[in-house]
Amino acid sequence: MNNPCFNIAAVERDTGLSKDVLRMWERRYGFPVPERDANGERLYPADQVERLRLVKRLMDQGHRPGKLLALPADELAGLAPRRPRAGDAGAPPSLNGELGDLLALIKQHDAVGYQQAMQQRLVRQGLLGFVQDTVAPLTQQVGEAWEEGRFEVFEEHLYTELTKRLLRQAIATLPAGRQGPRVLLTSLPDEQHVLGLLMVETLFALEGAECIPLGTQMPLLDIGSAAGAYRADVVALSFSSAFPVRQIAGLLQQLRMVLPEDIELWAGGGGVRRLTPPAGVQLLDSLEDALDALRLWRERHG
């Protein structure tokens, strides 16, 4: 099979590395080594693109690019294994019981079976229990399985899309929130994961809070503008464990400066669990912390 090649714009989108960075690495480190098309434009073989994606993930964990690019391929892969161990090929994530059965349906690419099983759990557990006891632990396990190479990217996407659809359908059945606080929910640029936001929105909506979902990847200044336009009481952000941890504190400090003092800033998700809270920011380590923050806000504001 021929090794497919991708132009520099496609590589930029797929890896998150800018065109300028790709060209600079080519000059400084001798990698990547693109081919050229008939017009002299760069073309990157698929194996080089895969290595660039791995380098980007390791950089987000704090590694330096110069050291990474100098490593042999096997040592580089060993820093962040993304392939099943010997004897584990195709093995489902290591969950037992019903949760393991749910993820096995994703591994089997049985979207209909997964949806039916999740609907049954929703009816049995109720929406609150479903979010806390099914969606939250499943999402954590899917992330870990992807990092360990037991879930492919497309399987993680299938899980996310089916679960998003289910949560949004459930939220749509709830009455509109009429109690405070008015919570604006979003994420910062480069944070595409939305399930954390949807889980929090579901719990807040069940408590009667007024939720303003803006989706993901909102620029800082636009968040500030939206908070003023909607007269938000709280801006709630989600950071997945895949977001570069070293960037979070600085971004939160910048957003805190953009927001008026009377608007609270909450941040949750796997990315903030080991973070020291910046001044004026409340960190939420779990869904229970989010509900506690909601109750405390109401106590403070009568």
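Residues numbered from 1 in each chain as written. Predicted model: local features only at pLDDT ≥ 70, side-chain atom pairs only at ≥ 80, totals over all residues. Heavy atoms only, no water.

K.L.:
Help me out: how do you make sense of the overall build of the protein in this one?
P.N.:
Per the secondary structure count, the protein includes twelve helices and eight strands. Taking 19 Å as the expected radius of gyration for a compact globule of 302 residues, we find that the protein reaches 21 Å, a close match to that expectation. With respect to the three principal axes, the spread of C-alpha positions in the protein is 65 × 45 × 35 Å. Taken across its 302 residues, the protein has 44% of its residues classed as buried. For the protein, the accessible surface area stands at approximately 15,900 Å², while carbon and sulfur atoms represent 50% of it. A distance of 3 Å separates the average location of the 33 positive side-chain charges in the protein from that of its 39 negative side-chain charges. (Helix = DSSP H or I, 4+ residues; strand = E, 2+ residues; numbered from the N terminus. Rg over C-alpha atoms; globule rule 2.2 N^0.38 Å. Buried < 20%, exposed > 50% of the residue type's maximum accessible area, 1.4 Å probe, protein only. Areas by Shrake-Rupley, 256 points an atom, 1.4 Å probe, with all protein chains shown as cover. Lys, Arg positive; Asp, Glu negative; His and termini not counted. Charge placed at Lys NZ, Arg CZ, Asp CG, Glu CD.)

K.L.:
Can you walk me through the packing of helix H7 (residues 111–147) against helix H9 (residues 195–206) in this structure?
P.N.:
Angle between the axes and distance between the axes: these two values describe a pair of packed helices. Two numbers describe how H7 lies on H9: the axes approach to 10 Å, and their chain directions differ by 165 degrees. By the criterion of interaxial angle, the relationship of H7 to H9 is roughly antiparallel. Relative to H9, the crossing made by H7 is left-handed. In contact with Leu127, Leu128, Val131, Gln132, Val135, Ala136 and Thr139 of H7, H9 contributes Leu195, Met199, Thr202, Leu203 and Leu206. (Axes fitted to C-alpha atoms, helices over the stretch in contact; angles between N-to-C directions. Parallel < 35°, antiparallel > 145°, perpendicular 65-115°, else oblique. Left-handed = near helix turned anticlockwise from the far one by under 90°. Contact = heavy atoms within 4.5 Å.)

K.L.:
Which parts of the structure should I look at to understand the sheet that holds strand E2 (residues 35–36)?
P.N.:
Note on sheets: strands pair through backbone hydrogen bonds, and any given pair is parallel or antiparallel. Overall, antiparallel pairing links the three strands, which are arranged E1-E3-E2 in an open sheet. Edge positions in the sheet fall to strand E1 (5–7) and E2, since each has one partner strand and no second. Across two bridges, the pairing between E2 and strand E3 (residues 42–45) is antiparallel. Along E3, the bridge assignment pairs Arg36 with Arg42. (Pairing = 2+ DSSP bridges.)

K.L.:
I tried to follow the sheet that holds strand E5 (residues 209–213) on my own but got confused; where do I start?
P.N.:
Spatial strand order, E5-E4-E6-E7-E8: five strands in an open sheet with parallel pairing. On the outer flanks of this sheet lie E5 and strand E8 (281–284), each paired with one strand and no other. Within the sheet, the average angular offset between the axes of one strand and its neighbour, ignoring direction, is 25 degrees. With four bridges joining them, strand E4 (residues 179–186) and strand E6 (residues 234–238) adopt parallel strand pairing. If you follow Leu184 over to E6, its bridge partner there is Val235. Across the face of the sheet, H9 comes into contact with E4, E5, E6 and strand E7 (264–268) while running at roughly 155 degrees to E5.

K.L.:
Is there a simple way to think about the packing of aromatic side chains in this case?
P.N.:
Describing an aromatic ring pair means giving the distance of the ring centres and the angle of the ring planes. If you walk through the whole model with that rule in mind, you get three aromatic pairs. Pairing Tyr114 with Tyr159 gives two aromatic rings, centres 6.1 Å apart and planes at 70 degrees, and the pair type is edge-to-face. Within this pair, whereas Tyr114 is found in helix H7, its partner Tyr159 is found in helix H8 (residues 153–172), the two being separated by 45 residues in sequence. Above the face of the Phe31 ring, Arg51 is positioned so that its terminal group lies 4.8 Å from the ring centre. (Phe/Tyr/Trp six-rings, centres within 6.5 Å; stacked < 30°, edge-to-face > 60°. Lys NZ or Arg CZ within 6 Å of the ring centre and 35° of its normal.)

K.L.:
Even after reading the chapter, I still don't get the nonpolar core, so can you show me in this structure?
P.N.:
When a protein is soluble and globular, its nonpolar side chains tend to lie buried together. Of all hydrophobic cores here, the largest spans 46 residues; its most connected members are Tyr114, Met118, Phe130, Leu138, Tyr159, Leu167 and Phe204. At twelve residues, the largest contribution of residues to this core is made by H7. The two domains that each donate at least three residues to this core are domain 2 (97–172) and domain 3 (177–300). Other than its neighbours up to four places away in sequence, Phe130 contacts Met118, Arg121, Leu122, Gln125, Val135, Leu166 and Leu167. (Core = buried A, V, L, I, M, F, W, Y, C linked by side-chain atoms within 4.5 Å. Domains from an automatic or database assignment.)

K.L.:
How should I be thinking about the side chain of Glu191 in this particular structure?
P.N.:
Relative to the elements of secondary structure, Glu191 occurs in the loop between E4 and H9. Dropping the residues within four chain positions of it, Glu191 is found in contact with Thr216, Gln217, Ser238, Phe239, Ser240 and Phe243.

K.L.:
When you look at the environment of Leu221 in this model, what are you seeing that I'm missing?
P.N.:
Mapping Leu221 onto the fold places it in helix H10 (residues 220–229). In this structure the C-alpha to C-alpha distance between Leu221 and Ala117, which are 104 residues apart in sequence, comes to 41 Å.

K.L.:
What's the story with the side chain of Glu156 in this structure? I'm lost.
P.N.:
Note on placement: Glu156 falls in helix H8. For Glu156, a relative accessible area of 16% gives the class buried. Excluding residues that lie within four positions of it along the chain, Glu156 makes contacts with Val142, Trp146, Phe151 and His193.

K.L.:
When you look at the domain arrangement of the protein in this model, what are you seeing that I'm missing?
P.N.:
Much of the literature gives interface size as the accessible area that the parts lose upon coming together. We note that the domain assignment places domain 1 (5–70), domain 2 (97–172) and domain 3 (177–300) within the protein. Using C-alpha coordinates to define each centre, domain 2 is positioned 23 Å away from domain 3. The interface is formed by 15 residues belonging to domain 2 together with twelve residues belonging to domain 3. When domain 2 packs against domain 3, the two sides together hide about 1,200 Å² of surface, and 82% of this comes from carbon and sulfur. The three residues of domain 2 that bury the most area against domain 3 are Val131, Gln132 and Ile171, which together make up 37% of that side's buried surface. In this assembly, domain 2 and domain 3 are joined by zero salt bridges. In this assembly, domain 2 and domain 3 are joined by zero residue pairs in polar contact (both at pLDDT 80 or more). (Buried area = accessible area lost by both parts, 1.4 Å probe. Salt bridge = Lys/Arg side-chain N within 4 Å of Asp/Glu carboxyl O. Polar contact = N/O pair within 3.5 Å; in protein donor to acceptor, adjacent residues only side chain to side chain.)

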